[in-house]
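The lines below spell out each chain.
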Amino acid sequence: IEPAAILAEHANAVKDLANGPSNIITPAYLAETARKYAKKYGMKCTILDEADMRRQGMNCILAVSQGSAQKPALIVLEYRGSKAKAPIALVGKGVTFDSGGINLKPTGSIETMKHDMTGGAIMLNIIKTAAELKLPINLVAIVPTVENMPSGTAVKPGDVVKASNGKTVEIMNT
């Protein structure tokens, strides 16, 4: 019963994050949530801030966030439950609100764009569940988290952004 109760608790934590209002569930809130999970369950937590991402050439994630007052973060949580096994990497999108940027989403679909971070919420809670259950595996959860908003600084259709792998991307729809 105990493992099932833990799974249910963490599934509910995902729902709380995904359904929380976007003025509270921000990239900074997700980063702080990851720090709390790491401290409670003895995991390693690394948070890259905007300056770290700029130094590493992560211009695509920075482009998505450049119209928002909310600063982006790249969350990396590591759980080590086994000495011998290679880690499994999990990646979940953490767009805490996706207005569509300059290409605003229409009424009828924009209202639920706070759910665009559900993948990130799932990854944070999968690794938390593994740590609490002390599973004999190694996991690395990566959650890039941003808010996509329109402003005078937002990325525009036709802009070209250089990704961290050196490739350039033309933004056709924000």
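Residues numbered from 1 in each chain as written. Predicted model: local features only at pLDDT ≥ 70, side-chain atom pairs only at ≥ 80, totals over all residues. Heavy atoms only, no water.

Undergrad: Would you explain the pattern of salt bridges in this entry?
TA: When charged atoms on two side chains of opposite charge get close, those side chains can pair. Overall, the coordinates contain 9 salt bridges when judged by the stated rule. The partner of Lys44 in a salt bridge is Glu78, and the shortest N-O contact between them spans 3.9 Å. Of this pair, Lys44 sits in strand E1 (residues 44-48) while Glu78 sits in strand E2 (residues 73-80), and the two are 34 residues apart along the sequence. Lys105 is paired through a salt bridge with Asp98; the nearest N and O atoms lie 4.0 Å apart. Classification of Lys105 by relative accessible area gives partly exposed; the value is 29%. Exposure remark for Asp98: the relative accessible area of 13% places this residue in the buried category. What you see here is one network of salt bridges that share partners, running through Lys44, Glu78 and Arg80. (Salt bridge = Lys/Arg side-chain N within 4 Å of Asp/Glu carboxyl O. Helix = DSSP H or I, 4+ residues; strand = E, 2+ residues; numbered from the N terminus. Buried < 20%, exposed > 50% of the residue type's maximum accessible area, 1.4 Å probe, protein only.)

Undergrad: Help me understand the nonpolar core in this model?
TA: Nonpolar side chains in soluble globular proteins generally cluster together in the buried interior. Formed by 28 residues in total, the largest nonpolar core has its most connected members in Met43, Ile75, Leu77 and Leu124. If sequence neighbours within four positions are ignored, Met43 has contacts with Tyr37, Ala38, Leu77, Glu78, Tyr79, Ile127, Lys128 and Ala131. Judged by nonpolar contacts, the second largest core, of 8 residues, contains Met58, Ile61, Val95 and Val146. (Core = buried A, V, L, I, M, F, W, Y, C linked by side-chain atoms within 4.5 Å. Contact = heavy atoms within 4.5 Å.)

Undergrad: Hey, could you run me through the environment of Ile24 in this one?
TA: Residue placement: Ile24 occurs in the loop between helix H1 (2-19) and helix H2 (27-41). Note on Ile24: relative accessible area 44%, which makes it partly exposed. Separated by 72 residues in the primary sequence, Ile24 and Thr96 have C-alpha atoms spaced 9.4 Å apart.

Undergrad: Hey, could you run me through the side chain of Asp116 in this one?
TA: Summarising the element assignment, Asp116 is placed in the loop between strand E4 (94-98) and helix H5 (118-133). In this structure Asp116 comes out as buried when scored by relative accessible area, which is 16%. Separated by 3.2 Å, the side chains of Asp116 and Lys93 make a polar contact. Not counting chain neighbours up to four residues away, the residues in contact with Asp116 comprise Lys93, Gly94, Val95 and Asp98. (Polar contact = N/O pair within 3.5 Å; in protein donor to acceptor, adjacent residues only side chain to side chain.)

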